[in-house]
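# Coordinate analysis (summary)
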Amino acid sequence: MKKRVCILYTGGTIGMRSTPMGYAPDPGYLAQTMASMPEFANPEVPDYVIREHSPLLDSSNMDPRHWLAIARDIAAAYLEFDGFIVIHGTDTMAYTASAFSFMLEGLAKPVILTGSQIPLCRVRSDGRDNLITALMVIAQAPVPEVCLCFGNRLLRGCRSTKVDAVGFQAFDSPNYPDLGTIGVGIRSHLDRIHPPHPANGLTVHPLSSARVGALRLFPGISAELVANVLRSPLQGLVLETYGMGNGPSENLTLMAVLAEACARGVVIVNCSQCLRGTVDQGGYQTGSALARAGVISGRDMTAEAALTKLIYLFSLGLRPAEIRTRIPQNLRGELTEADAAT
Ligand code: ASP
């Protein structure tokens with residue numbers, strides 16, 4: 001039987017039009033453009049309905065309230081469809097994909113985020129391929145995960161990151177292999193799929209307004225700046241460190257600032273500025289100093305996954321000590337646990 005897909009259109013370049021101020025979303029325009037393209041009516045393409053969000057957004061304007069609205073739409077239509085496509089701007093797509101991975105517990109159907117670098121109405125748009133491929137993945141190789149389909153790649157949502165502002169291969173999954181191979185055929189790699197949580201169907205975990213942030217270390221960063229960032233009411237911080245998770249251990253004032261914040265319950269997660277590889281706070285003295293201060297290893301998580309995981313864990317109402325325990329654990333396939341690392 002033909003698959004049925006629900007397309008949730010939230011905004012992004014794919015449905016934009018040129019305006020004197022640059023590209024901007026325009027209600028109804030994406031559906032109109034798709035209706036004018038015969039390939040979307042091809043019998044091989046699954047049946048789909050488009051549900052347009054209002055207002056349509058450039059994804060730079062998205063925040064956790066929008067994530068929740070989309071997640072609730074998926075839950076409301078969950079039983080009616082075989083899979084979901086979320087059309088989304090590329091700028092924050094990896095954040096939304098990561099957030100959905102935590103918010104949508106017990107997911108047993110594909111939720112695929114996609115979009116494009118060039119609007120669908122333009123002759124060289126990559127949106128046509130991205131959208132058709134996402135539809136065909138649901139028809140032929142459904143993966144019961146939150147995925148990101150872009151530039152002929154099918155990536156785990158919470159492992160993805162935007163790596164190119166202009167190229168058609170805009171996303172990568174530096175620390176986890178693709179969930180599918182897209183070429184002449186479309187094939188999913190079932191051995192790479194994170195087993196669905198044995199929950200009773202889909203549960204949407206709403207996100208609260210947890211006070212979390214991210215800070216990238218740089219040579220010469222002052223203890224004062226870090227202290228200001230860590231001030232109350234901050235609850236959690238993704239600290240983007242060097243290499244294997246190293247920081248300026250000889251700046252004792254800065255180390256004391258981190259230790260003081262950890263002691264008052266701020267959860268600080270160590271993620272590397274490097275795209276590939278894992279944090280190992282025992283590898284160098286400059287990393288073990290962070291561990292001694294109370295900083296938790298984020299292992300090979302992307303900064304997007306670490307940030308949204310912090311929001312999710314705080315939203316569950318957990319105490320900092322419990323969140324510290326869960327951060328290095330693999331909840332949705334977002335990290336490689338210590339004993340499983342190669
Ligand atoms: N600024 C756009 C957005 O993220 C870029 C895109 O869609 O590719 O919404």
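Going by the structure above, here's the rest.
Conventions used here
- Residues numbered from 1 in each chain as written.
- Predicted model: local features only at pLDDT ≥ 70, side-chain atom pairs only at ≥ 80, totals over all residues.
- Heavy atoms only, no water.
- Helix = DSSP H or I, 4+ residues; strand = E, 2+ residues; numbered from the N terminus.
- Polar contact = N/O pair within 3.5 Å; in protein donor to acceptor, adjacent residues only side chain to side chain.
- Phe/Tyr/Trp six-rings, centres within 6.5 Å; stacked < 30°, edge-to-face > 60°.
- Buried < 20%, exposed > 50% of the residue type's maximum accessible area, 1.4 Å probe, protein only.
- Lys NZ or Arg CZ within 6 Å of the ring centre and 35° of its normal.
- Pairing = 2+ DSSP bridges.
- Axes fitted to C-alpha atoms, helices over the stretch in contact; angles between N-to-C directions.
- Contact = heavy atoms within 4.5 Å.

## Focus: unusual backbone geometry
Along the chain, Ser 54 connects to Pro 55 via a cis peptide bond; the corresponding omega equals -5 degrees. Looking at where Pro 55 falls in the secondary structure, it is placed in strand β4 (residues 47-57). The phi dihedral of Asn 152 falls on the positive side, at around 60 degrees, and the residue is not glycine. Assignment of secondary structure puts Asn 152 in the loop between β8 (146-150) and β9 (153-156). Even without being glycine, Arg 299 reaches a positive phi, approximately 50 degrees. As for its position among the elements, Arg 299 is in the loop between β18 (296-297) and α8 (303-315).

## Observations regarding the side chain of Gln 117
Among the secondary structure elements, Gln 117 is positioned in the loop between β7 (111-114) and α4 (127-140). A polar side-chain atom of Gln 117 sits 3.2 Å from the main-chain carbonyl oxygen of Asp 164.

## What about the packing of aromatic side chains?
All told, the structure shown has 5 aromatic pairs when counted by the stated rule. Between the aromatic rings of Phe 40 and Tyr 48, the centroid separation amounts to 6.4 Å while the plane-to-plane angle is 80 degrees, which identifies the pairing as edge-to-face. Judged by centre distance (5.6 Å) and plane angle (20 degrees), the ring pair of Phe 102 and Tyr 312 falls under stacked. You can see Phe 102 sitting in helix α3 (residues 93-103) and its partner Tyr 312 sitting in helix α8, a full 210 residues away along the chain. Assessed through its relative accessible area of 0%, Phe 102 is described here as buried. One aromatic cluster in this structure is built from Tyr 78, Phe 81 and Phe 84. Positioned above the aromatic ring of Tyr 176 is the side chain of Arg 156, whose terminal nitrogen or guanidinium carbon lies 4.2 Å from the ring centre.

## Examining the sheet that holds strand β1 (residues 4-11)
Pairing is mixed across the open sheet formed by 8 strands, whose spatial order is β4-β1-β5-β7-β8-β9-β12-β13. For this open sheet the edge positions go to β4 and β13 (186-188), each flanked by a neighbour on one side alone. On average, adjacent strands in this sheet sit at an angle of 20 degrees to one another, irrespective of strand direction. Bridge count between β1 and strand β5 (residues 83-87): 5 bridges; the pairing is parallel. Bridge pairing in β5 places Tyr 9 opposite Ile 87. α3 rests against β5, β7 and β8 of the sheet, and its axis sits at about 155 degrees to β8.

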